[in-house]
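So the chains spell out like this:
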There are 2 protein chains.
Amino acid sequence: MYKPQPGDRLDSLDTPSMIVDLDLMEANIAKLMNQLLPTGVNIRPHLKTTKSPILARKLIEAGARGCCVAKLSEAEVIVEGGIEDLLITCEIIGAPKVARLVELFRHHPQVKTVIDSPQGATAIDAALAQAGIENPIQVLVDLNVGQNRTGVTPGEPALALARHISSLSHLKLIGVQGYEGHLQHLHDRREREEKCRAAMTVLTGTAGLLRQHGFNIETVTTGGTGTAEFCATFPGITEVQPGSFIFMDTDYRNAVGRFFSNSLTILATVISKPGPGRAVIDAGLKSLSTDSGFAEPKDLPGAGYVPNGDEHGTISREDGPELAIGDRVEMIPSHIDPTINLHDFYYAYRKGVIEEIWPVAARGKVQ
Amino acid sequence: MYKPQPGDRLDSLDTPSMIVDLDLMEANIAKLMNQLLPTGVNIRPHLKTTKSPILARKLIEAGARGCCVAKLSEAEVIVEGGIEDLLITCEIIGAPKVARLVELFRHHPQVKTVIDSPQGATAIDAALAQAGIENPIQVLVDLNVGQNRTGVTPGEPALALARHISSLSHLKLIGVQGYEGHLQHLHDRREREEKCRAAMTVLTGTAGLLRQHGFNIETVTTGGTGTAEFCATFPGITEVQPGSFIFMDTDYRNAVGRFFSNSLTILATVISKPGPGRAVIDAGLKSLSTDSGFAEPKDLPGAGYVPNGDEHGTISREDGPELAIGDRVEMIPSHIDPTINLHDFYYAYRKGVIEEIWPVAARGKVQ
């Protein structure tokens, strides 16, 4: 059975394979830490990107404190990898999910989550009470700072929710989360910074309102790869949640620039040559996500890629040498998170040799 | 640890979950068999849709003979489930993949594949020779019938490739494949039929040319859910490869109509309520593919869905009762194959009770 091993050459990998340039990835981690740690902000990287406890540990060794996950089922996998300080950034709603949260929290009391509705708070509190769990779960009010996705309305509605949470004995309110996801990919750096500062004003304003009313708001958490540098220096922000910086993609590169490098690609093979200037590779919709545009061929100037179904894509190129059947091409994903979620393993290499193989341990964990 | 079981009610499932209405799925299988078996055509369903040996066996029990897979790594999983007669419909290119093919073929000699280049043929032949395998592998010439993806050009180039293949002692040419993938989703039924018949004329014409030159072309294989009914009755077509009919999606429903029903949905939960007429569910880009448009809410007339990132989507509705936090919604995928590829299990139910749970055994097998 085919099973690559550390020490194998990249050439020996079958395709499509997800490969990571370790020098570039390590430089991305170092750049983020060097940029943000001096501000004093807590760095809690979002693992919805990597879905890997091994990568979580690398980030923590570099200076991160705790991690975020999007979903409860991701948290279940990441705690198995030894990471206990986790914030689940999506609301926990529905009896099956609340029951899973209780079981997770019973054995992993550092797991935290967010709440944006009184019924969400009440259901978690009731389930913890019924399970006879004594210590309260730490929760954050999820605030809408302009993304208009989840989150309670700032100001009085947030205050009312905080009051409701604090009336429940199995919940302990520790902070406020406000994710400005709608700003991450704004191309104009000044516009991104200005709108981010406006969102941070809303977020820290509500945190202040809650403190005025006696709530102990320790944590004010926010930010992604496109905004973390602005959030980190904004007074009152205690924590940032960047994730994509570790690998990047074309969408973030086009918006944020090349401070972080594209360190992850999908290695593909030319399997057919339908005509001059065109080559068909073995990577289509099931290897490269398309929600944020199409992936780009690496190191093939002037070449473009269009998927042709689940398992094919066409590289077109007017100039330059022709690709031949059997040639290998690296594709830079357009959106890193859903692309990683298509694959089972990372093959991390240096100088053409695989050094480490990491499972995408929480792949497919959407619950 | 959360693990649903047969006998559990659908209500007990955490979300997002991929659920299958067994009555509708079984009716889809029966409709296809009743439509195509009387024509005498061989039905070889494409498993790139379901990626499941359990579902392959259900199709074979209903009348299918053999199955297709797109990729070698899918074949490795499906043979483990006991299905031996498999056609790999993508070209096998590159030393790592050819080596895997040899190992698979050694133990599963009914595995067949397609070829569209002399170098592809030569590499497989040489590897089989070097491995000391006596019996030849059955191969089909992959023909470009208008999709302009893979496939050798019809006529003389196809004849030259057939001659090359027959000069190699470890390959046995048994047929021609020509997939008209570009026609599957044409909305106008007459246009779809006319263009399909034109493609079938090309395919059977080249099959005839090869026979004239002494090649034993037993198999002429083609067709998908959008064209199988036309292909099956076209003189000279021996085999069809439909896959999506078993579950359908909005893209096929919009093109082909409602002869087959949407039997698979993604069960989701409303987790936030940002305002009147809007509800945020827990299913985003990592639960529902977007390459062929957005998924549709089932049984919510007038409601539309837009994904908001990896794990969220917004259902908007101008009229009708408001959704509430905790409500469950079924989403009909826009493109079934890449959506199934995001999930690990099918929960197949009847009358609200889970009867069977099938792993998506070949999920992520893109190699």
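From a predicted model like this one, the values you see are computed outputs, not experimental measurements.

**Describing the interface of chain A and chain B**
Part 1: Across the contact, 52 residues belong to chain A and 52 residues belong to chain B.
Part 2: Counting residues per element, the ones that place at least two in the side of chain A that touches chain B are α4 (95-107), α5 (118-130), β10 (264-275) and α10 (336-340) of chain A.
Part 3: Residue contributions to the side of chain A that touches chain B peak at 4 residues, all from β10 of chain A.
Part 4: Residues that form the side of chain A that touches chain B fall into these classes: 15 nonpolar, 22 polar and 15 charged.

**A look at helix α2 (residues 53-62) of chain A**
Residue and element names in this part refer to chain A.
Part 1: Taken as a whole, α2 has its buried residues at P53, L55, A56 and L59. Buried residues of α2 fall within an arc of 155 degrees about the axis and therefore sit on the same side.
Part 2: Turning to α2, the residues buried within the fold contact α1 (22-36), β3 (67-69), α3 (72-80) and β17 (353-359).
Part 3: G63, located one to two residues past α2, shows a positive phi value of around 135 degrees.

**With respect to the environment of M1 of chain A**
Residue and element names in this part refer to chain A.
Part 1: Mapped onto the secondary structure, M1 falls in the segment before β1 (17-21).
Part 2: Look at M1 and you get exposed, because 6 C-beta atoms sit within 10 Å.
Part 3: Separated by 116 residues in the primary sequence, M1 and S117 place their C-alpha atoms 50 Å from one another.

**Points about the relation of the copies chain A and chain B**
Part 1: Screw-axis analysis of chain A against chain B gives a translation of 0.0 Å along the axis, an RMSD of 0.0 Å, and a rotation angle of 180 degrees. These values place the two chain copies in the arrangement generated by a two-fold rotation axis.
Part 2: The overlap is high: 100% of the interface residues of chain A also sit at the interface in chain B, so the same surface is used on both sides.

**Quick look at the domain arrangement of chain A**
Residues and elements named next belong to chain A.
Part 1: Domains assigned within chain A are domain 1 (10-17 + 259-359) and domain 2 (24-244).
Part 2: Relative to domain 2, the C-alpha centre of domain 1 lies at a distance of 34 Å.
Part 3: Counting residues at the interface gives 9 residues for domain 1, matched by 13 residues for domain 2.
Part 4: A total of 3 residues in the side of domain 1 that touches domain 2 trace back to one element, the largest contributor, which is α10.
Part 5: Residue composition of the side of domain 1 that touches domain 2, by class: 5 nonpolar, 3 polar and 1 charged.

**Considerations on the packing of helix α6 (residues 156-166) of chain A against helix α7 (residues 189-212) of chain A**
Residue and element names in this part refer to chain A.
Part 1: Two numbers describe how α6 lies on α7: the axes approach to 10 Å, and their chain directions differ by 45 degrees. Our classification of the angle between α6 and α7 gives oblique. Helix-helix and strand crossings are classified by hand; for α6 and α7 the assignment is right-handed. When α6 is examined against α7, the residues A158, L159 and A162 are found in contact with a partner set consisting of T206, L209 and L210.
Part 2: When the residues that make up the contact of α6 with α7 are grouped by side-chain class, the tally is 5 nonpolar, 1 polar and no charged.

**Here we look at the nonpolar core**
Part 1: Grouped together as the largest cluster of nonpolar side chains are 218 residues, with contacts concentrated most on I78 and V141 of chain A together with I78 and V141 of chain B.
Part 2: With residues up to four places along the chain from it excluded, the contact list for I78 of chain B reads L47, P53, A56, C67, V69, I83, L86 and A362 of chain B.

**Side note on the sheet that holds strand β5 (residues 112-115) of chain B**
All names here are of chain B.
Part 1: Taken in spatial order, the 8 strands line up as β2-β9-β8-β7-β6-β5-β4-β3 in an open sheet, and their pairing is parallel. Each of the sheet's edge strands pairs with one partner strand only, and the pair in question is β2 (42-43) and β3 (67-69).
Part 2: Of the pairings in the sheet, the one linking β2 to strand β9 (residues 239-240) comprises 2 bridges and is parallel in character. Bridge pairing in β9 places N42 opposite E239.

**Quick word on α3 of chain A**
All names here are of chain A.
Part 1: Along α3, 7 of the 9 residues are buried, which leaves the element largely enclosed by surrounding structure.
Part 2: Listing the buried residues of α3 in full gives L72, S73, E74, A75, E76, V77 and I78.
Part 3: In this structure, the buried residues of α3 make contact with α2, β3, β4 (86-88) and α4.
Part 4: After α3 finishes, the residue G82 shows a positive phi value of roughly 95 degrees.

Definitions and cut-offs
Residues numbered from 1 in each chain as written. Chains lettered and ligands numbered in written order. Predicted model: local features only at pLDDT ≥ 70, side-chain atom pairs only at ≥ 80, totals over all residues. Contact = placed C-beta atoms within 7 Å. Helix = DSSP H or I, 4+ residues; strand = E, 2+ residues; numbered from the N terminus. Nonpolar A, V, L, I, M, F, W, Y, C, P; charged D, E, K, R; others polar. Buried ≥ 20, exposed ≤ 12 C-beta atoms within 10 Å, placed from the backbone. Arc of directions from axis to C-beta. Least-squares fit on C-alpha atoms with pLDDT ≥ 70 in both. Domains from an automatic or database assignment. Axes fitted to C-alpha atoms, helices over the stretch in contact; angles between N-to-C directions. Parallel < 35°, antiparallel > 145°, perpendicular 65-115°, else oblique. Left-handed = near helix turned anticlockwise from the far one by under 90°. Core = buried A, V, L, I, M, F, W, Y, C linked by C-beta atoms within 7 Å. Pairing = 2+ DSSP bridges.

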